[in-house]
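This is what each chain is made of:
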Amino acid sequence: MSKQEDSEENWISAMDNLCSKLNVDPVAAKKSKESFSEIKQNYTLDGDILHWIACALYVACRTSITPTVQTGKAVEGNCVSLTRLLRLCNISLIQFFNKIKNWMEMAAMSTDFKDRITRLEHKFAVSTVLFRKFQPIFQEIFSGLTNEPVKPNTKSKKQKLQPCTTNALFEFTWCMYVCVKGEFHNSADDLVDMYHVLLSCLDYVFANAFMGRRMDLINPAFKGLPADWMKDDFELPKKPPCIISVLCEIKEGLAVEAATMKEYSWRPVIKTFFEKGILKGNSEDLTGLLDVGNFDVNVKSLNNLYETYVLSVGEFDERIFLGEHANEQIGTKNKVSGDEISQVIASFGPSARACPDTPLTGRNYLARREERTPVSEATNSVARLAALLRSARPKPSPHLLRFFADCGVSEEVINSKVVEPCNAWMEQFSNNLREINCSNETIAFRCNMVTCLYYKVLEHIIREEHRKKPQLSLHVLLSQETYQLTVYACCTEVVLHAYGVHSLRFPRVLQIYGLSAFHFYKIIELVVQAVVEKLSRDVIKHLNAVEEQVLESLVWTSDSPLWDQLAKTPVPASTEVYVQDSPNGRRNITVIDRFLTPMADQAKKQLFKDNIKPGQSLLVQANNNIKEESSDPQSPPSTSTLSSTENTPNTTPKKANNSLMLFFRKFYSLAVVRMNDLCTRLRLTDEELKRKIWTCLEHSVMHQTQLMRDRHLDQVLMCAVYVICKVSHNPNNQVERTFADIMRCYRQRPLADNHVYRSVLINKGNGEESPERGDLINFYNKVYVKCMQSFALRFTGRHECSLSPLPAGRARAGRWSPGCQRVSERHQLYVKPLTTPPNHHHLLTYQFSRSPAKDLQAINTMVSCEVGGVGGVGVKRSAEGGDVVKRARFAAPGVARKLQGLVSDRQAV
């Protein structure tokens, strides 16, 4: 018998053995064998073969439905316990999550199934965090907890049942919590809500111990006890005490939120448990659970209930945290106590990470980071949001109404254009909350919070718009319903993230309101500016991440309005969209600029009235002067001057589409930041090489725009890096990088997702054909090369094509702010009124009427050399003798006149 046949017999035998122990039905068993055999033939499965068998069995069971005999209802999960499956396969939960992700990619699982795994992973992260909160809180309330395992309370005729111990109560409390949590199907992974459910559970168990006068269980030092609790003549109150406010005070809770959760979510479930006979005790005041005759029955009943739940949904058993071998089964080496964030959560992907990475862009809006636990971070976000809205009402404030009246907006217009649409959006949001089984009180509370935040943000934005453009009628602004809807949607996203409503995570908010990502991104920065000082760092960071997600992929889907605009207006170059990239220019971008397209004749703040092109030296003459000089036969044309004007980037078109320009400014900013980050990780430091990569990427976006349709920015970026490194490689410049190198470095980037390079659209398919997808290398070979090969080959010859300048980026453009005017998008060149002496370190500066002429000549040399060098002309002459600069200085009376005027202006400042 061959080794291969022996190996095949081994895994088939192992799988049969597992199916027998887990009682897997024949259909699912056959399905798992077929999928495992196919994957094993096409891929190399490293490590323990049982680990991969666990993945195959889990997928087969989760994708099959088993009808039950008693109820006739279908049950997901094939009634197989994930925890037991992992135990039999000797694989920890963390190992399983890592393996199952690879398995899903190899098996090309559906997006729906991948979302299930993401939810399961997130739920595990939330449970891990909350269990680590549970133990110290329990020890605050109760005393006597030890590390000894709980012994079953066996009943015999001669031996009386004993009262429950603290250890037994600890396990009972956690079991009750996970049982109640199981009733909240769609919100069981929302960190804030589930933390308050946990506090409600502890409050409830304390009430039962208190009314049972269990002095042996309750910690006498607990702050929630009455002062005379230890006295012999202490009289029990008629109603159990509530310690929610005490727990929130000492353990990072929100008292109002927790009390609401207890009254409207916790208590109804407990009442249902009493009605169904799951819990035994006093059904009137819901006490007596810990009585000697009831406790063991209740423990057994809750365990049976939870066992049925786990088998029906195929999820992991959260009682795993209570076991002696919890660390081995979870996958942590050492037991972490207190509030530390475990390696479990820190190793999760971006969608399930308790403390997510900081996006590369938008960091200037982030406050200084404070060390917080996941729970304290979440409750801090809600607390700051509540503080901001403490005195707000879900209607326009008196200040906003007065402002509208002063601007001539009637009450009728306010009702029809502001209030009524807002009420309709609030109803849409409440319907979606109702779908995930939120209580009526929770729905009302969160809708109220979103609407209050909306009116606050709207007022801030409208006032800012009026300040920028006082002549603009507010009727025009209020007629833009899409603009108002995006504000409301963004406020909804803030509230959903603050509460950690994972089931409605972004981009679900776009579906709720029927918004396109292309319209939604326009408002994100304005909302951030309105709330940046009021809300938590985590919320601002999330909005930055949402903006990146929109720009990188969501706006490029086939149904995006962006394609309609690109059908009318070509994709602009990065040099075009950065024409106005001065701090003053950015501040003058209004909501109308973002939502109305096209606008007529953008107002560009020019330093000179004459036609000085962006990127042209201040001392190189303008186009009209070139014609005047060339008419003189005695005067040959200046090579440098012609070179610089020929290579000057195109200015913004007269009929500029402000909305499109703003989009591509943000898109190019994100792209260049990511390109620089990837190059740094790949140790590609040469600036010319970076410009080649950027030129290639920009060309693909401008002239092969279809490459972005239903794809991701990073997919095209990684292909650009690969192809430029490949064609630029030579013995003297060894820059070639493999796709394996590129993808390895890409994974290290904040918020990177391996799904980006594992699943790339190859072919959309026609009619009933499903789209063809493959990995990044497949995409490169089948699609990218066909579109970009001829352009990429230009970089292999002696005469290379002109290179695009790297965008300065919005962060760097503001280094001279405030009051500075940028005069070139190719260079970091600014003019500003002289107030304080500038820092000369690493900068070329010239102070009018103060600096020597050589300082201005140095700036002109830098600009002239680089502008001339783009086309391959003029660099050598400038470097050798400087005659180009001299010709420009003495043969340009128009420029000299402008400079003289500028000196006079500056002296008058």
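Just above, that's the structure.
Everything in this summary refers to the structure shown in the same document. Everything quoted here is computed from the prediction, not taken from an experiment. (Residues numbered from 1 in each chain as written. Predicted model: local features only at pLDDT ≥ 70, side-chain atom pairs only at ≥ 80, totals over all residues. Heavy atoms only, no water.)

Digging into the overall build of the protein chain
When helices and strands are counted, the protein chain shows 39 helices and six strands. Considering the protein chain as a whole, with its 909 residues, one finds that 52% of them fall into the buried category. If you take every contact in the protein chain between residues at least 6 apart in sequence, the share linking residues at least 24 apart comes to 74%. Surface exposure of the protein chain reaches about 43,400 Å², of which carbon and sulfur atoms provide 49%. (Helix = DSSP H or I, 4+ residues; strand = E, 2+ residues; numbered from the N terminus. Buried < 20%, exposed > 50% of the residue type's maximum accessible area, 1.4 Å probe, protein only. Contact = heavy atoms within 4.5 Å. Areas by Shrake-Rupley, 256 points an atom, 1.4 Å probe, with all protein chains shown as cover.)

Structural notes on the side chain of Lys262
Among the structural elements, Lys262 can be located in helix α10 (residues 255–275). A relative accessible area of 15% places Lys262 in the buried class. Within the structure, the side chain of Lys262 is placed 2.9 Å from the side chain of Asp203, a separation counted as a polar contact. Look past the residues within four positions of Lys262 in its chain and what remains in contact with it is Ser200, Asp203, Cys242, Ile244 and Arg267. (Polar contact = N/O pair within 3.5 Å; in protein donor to acceptor, adjacent residues only side chain to side chain.)

Regarding the packing of aromatic side chains
Considering all chains together, one arrives at 53 aromatic pairs under this definition. With a centroid separation of 6.2 Å and an interplanar angle of 90°, the aromatic rings of Trp425 and Tyr454 are classed as edge-to-face. Pair noted here: Trp425 is in helix α16 (residues 411–435) and Tyr454 is in helix α17 (residues 440–468), with a separation of 29 residues, a long-range link. The class for Trp425 is buried, based on a relative accessible area of 4%. If you follow Arg213 out to its NZ or CZ, it ends over the ring of Trp229, 4.6 Å from the centre. Positioned above the aromatic ring of Tyr499 is the side chain of Arg446, whose terminal nitrogen or guanidinium carbon lies 4.2 Å from the ring centre. (Phe/Tyr/Trp six-rings, centres within 6.5 Å; stacked < 30°, edge-to-face > 60°. Lys NZ or Arg CZ within 6 Å of the ring centre and 35° of its normal.)

Thoughts on a negative patch on the surface
On the surface, Asp228, Asp232, Asp233 and Glu235 cluster together into a patch of negative charge. Following the sequence through the fold, Asp228 ends up in the loop between α8 (191–211) and α9 (244–250). Looking at Asp228, the relative accessible area reads 32%, which means it is partly exposed. (Patch = residues over 30% accessible without salt bridge, like charges linked within 9 Å, V, L, I, M, F, W, Y side chains within 5 Å. Salt bridge = Lys/Arg side-chain N within 4 Å of Asp/Glu carboxyl O. Lys, Arg positive; Asp, Glu negative; His and termini not counted. Charge placed at Lys NZ, Arg CZ, Asp CG, Glu CD.)

A closer look at unusual backbone geometry
Note that the residue after Phe506, namely Pro507, is joined by a cis bond; omega there is 15°. Relative to the elements of secondary structure, Pro507 occurs in the loop between α19 (481–498) and α20 (508–513). One non-glycine residue with positive phi stands out, namely Asn23, at about 60°. With respect to the helices, strands and loops of the structure, Asn23 is situated in the loop between α1 (3–22) and α2 (26–42).

Quick notes on the pattern of salt bridges
Following the criterion strictly, the structure yields 26 salt bridges and no others. In this structure, Glu307 and Arg319 form a salt bridge, with 2.6 Å as the shortest nitrogen-oxygen distance. Linking Glu307 in helix α11 (residues 295–313) with Arg319 in the loop between α11 and α12 (326–330), this pair joins segments that are twelve residues apart in sequence. Taking relative accessible area as the criterion, Arg319 reaches 17% and is therefore assigned buried. Bridged by salt links that share partners, the residues Glu548, Glu552, Arg674, Asp714 and Arg749 form one connected network.

As for the side chain of Glu493
As for its position among the elements, Glu493 is in helix α19. This buried residue, Glu493, is left without a salt bridge; Arg505 holds the nearest opposite charge, at 9.3 Å.

Overview of the packing of helix α5 (residues 93–106) against helix α6 (residues 111–141)
Two numbers describe how α5 lies on α6: the axes approach to 11 Å, and their chain directions differ by 165°. Relative to α6, α5 is oriented roughly antiparallel. Read as a crossing pair, α5 and α6 show a hand that is left-handed. Taken together, the residues of α6 that come into contact with α5 (itself represented by Leu93, Ile94, Phe97, Ile100, Lys101, Met104 and Glu105) are Phe113, Lys114, Ile117, Leu120, Glu121 and Phe124. Taken together, the residues of the contact of α5 with α6 sort by class into nine nonpolar, no polar and four charged. (Axes fitted to C-alpha atoms, helices over the stretch in contact; angles between N-to-C directions. Parallel < 35°, antiparallel > 145°, perpendicular 65-115°, else oblique. Left-handed = near helix turned anticlockwise from the far one by under 90°. Nonpolar A, V, L, I, M, F, W, Y, C, P; charged D, E, K, R; others polar.)

Here we look at the environment of Thr287
Relative to the helices and strands, Thr287 is located in the loop between α10 and α11. On the accessibility criterion, Thr287 (8% relative accessible area) is buried. In sequence terms Thr287 and Pro240 are 47 residues apart; their C-alpha atoms lie 8.4 Å from each other. Sequence-distant contacts of Thr287, defined by excluding residues within four places in its chain, comprise Asn208, Met211, Pro240, Phe274, Gly281 and Asn282. Among the polar contacts listed, one links the side chain of Thr287 to the side chain of Asp285, at a separation of 2.7 Å.

Quick notes on α8
In an α-helix, one turn spans 3.6 residues; hence positions three or four apart end up facing the same way. With 21 residues, α8 ought to run about 30 Å at 1.5 Å a step, and its terminal C-alpha atoms sit 30 Å apart, in line with that. Across the 21 residues of α8, 21 count as buried, placing the element largely inside the fold. Where α8 terminates, the next one or two residues include Arg213, which has phi positive at roughly 55°. (Expected span 1.5 Å × (residues − 1).)

Thoughts on the nonpolar core
Judged by nonpolar contacts, the single largest core of 249 residues is most densely connected at Phe664 and Tyr784. Counting residues per element, this core draws most heavily on α8, at 15 residues. If we skip the residues at most four places from it in the chain, Phe664 touches Trp556, Leu566, Val571, Pro572, Val577 and Val701. (Core = buried A, V, L, I, M, F, W, Y, C linked by side-chain atoms within 4.5 Å.)

Here we look at the state of the cysteines
This model, assessed by the stated rule, comprises zero disulfides. Between Cys175, a cysteine without a disulfide, and Cys179, which holds the nearest cysteine sulfur, the sulfur-to-sulfur distance is 4.4 Å. Judged by its relative accessible area of 4%, Cys175 is buried. (Disulfide = S-S within 2.5 Å.)

Looking at the environment of Val126
Tracing the sequence through the fold places Val126 in helix α6. With 64 residues separating them along the chain, Val126 and Asp190 place their C-alpha atoms 7.6 Å apart. Those residues in contact with Val126 that sit more than four places away from it in its chain are Asp189 and Leu191.

Some remarks on the packing of α19 against helix α22 (residues 537–552)
Their axes nearest at 10 Å, the elements α19 and α22 cross at an angle of 125°. Taken together, α19 and α22 sit at an angle that is classed as oblique. The hand of the α19/α22 crossing is right-handed. For the pair α19 and α22, the contacting residues are Cys490, Glu493, Val494 and His497 in the first and Asp538, Val539, His542, Leu543 and Val546 in the second. For the contact of α19 with α22, a count of residues per class yields five nonpolar, two polar and two charged.

Describing α11
In this model α11 runs 27 Å from its N-terminal to its C-terminal C-alpha over 19 residues, within 8% of the 27 Å that 1.5 Å per residue would give. Within α11, the full set of buried residues consists of Phe295, Asn298, Ser301, Leu302, Tyr306, Tyr309 and Val310. Here the buried residues of α11 occupy an arc of 165° about the axis, which is enough to place them on one side. Along α11, the residues that are exposed and aim more than 90 degrees away from the buried face are Lys300 and Thr308. Where α11 is buried, its residues touch α6, α7 (166–181) and α10. (Arc of directions from axis to C-beta.)

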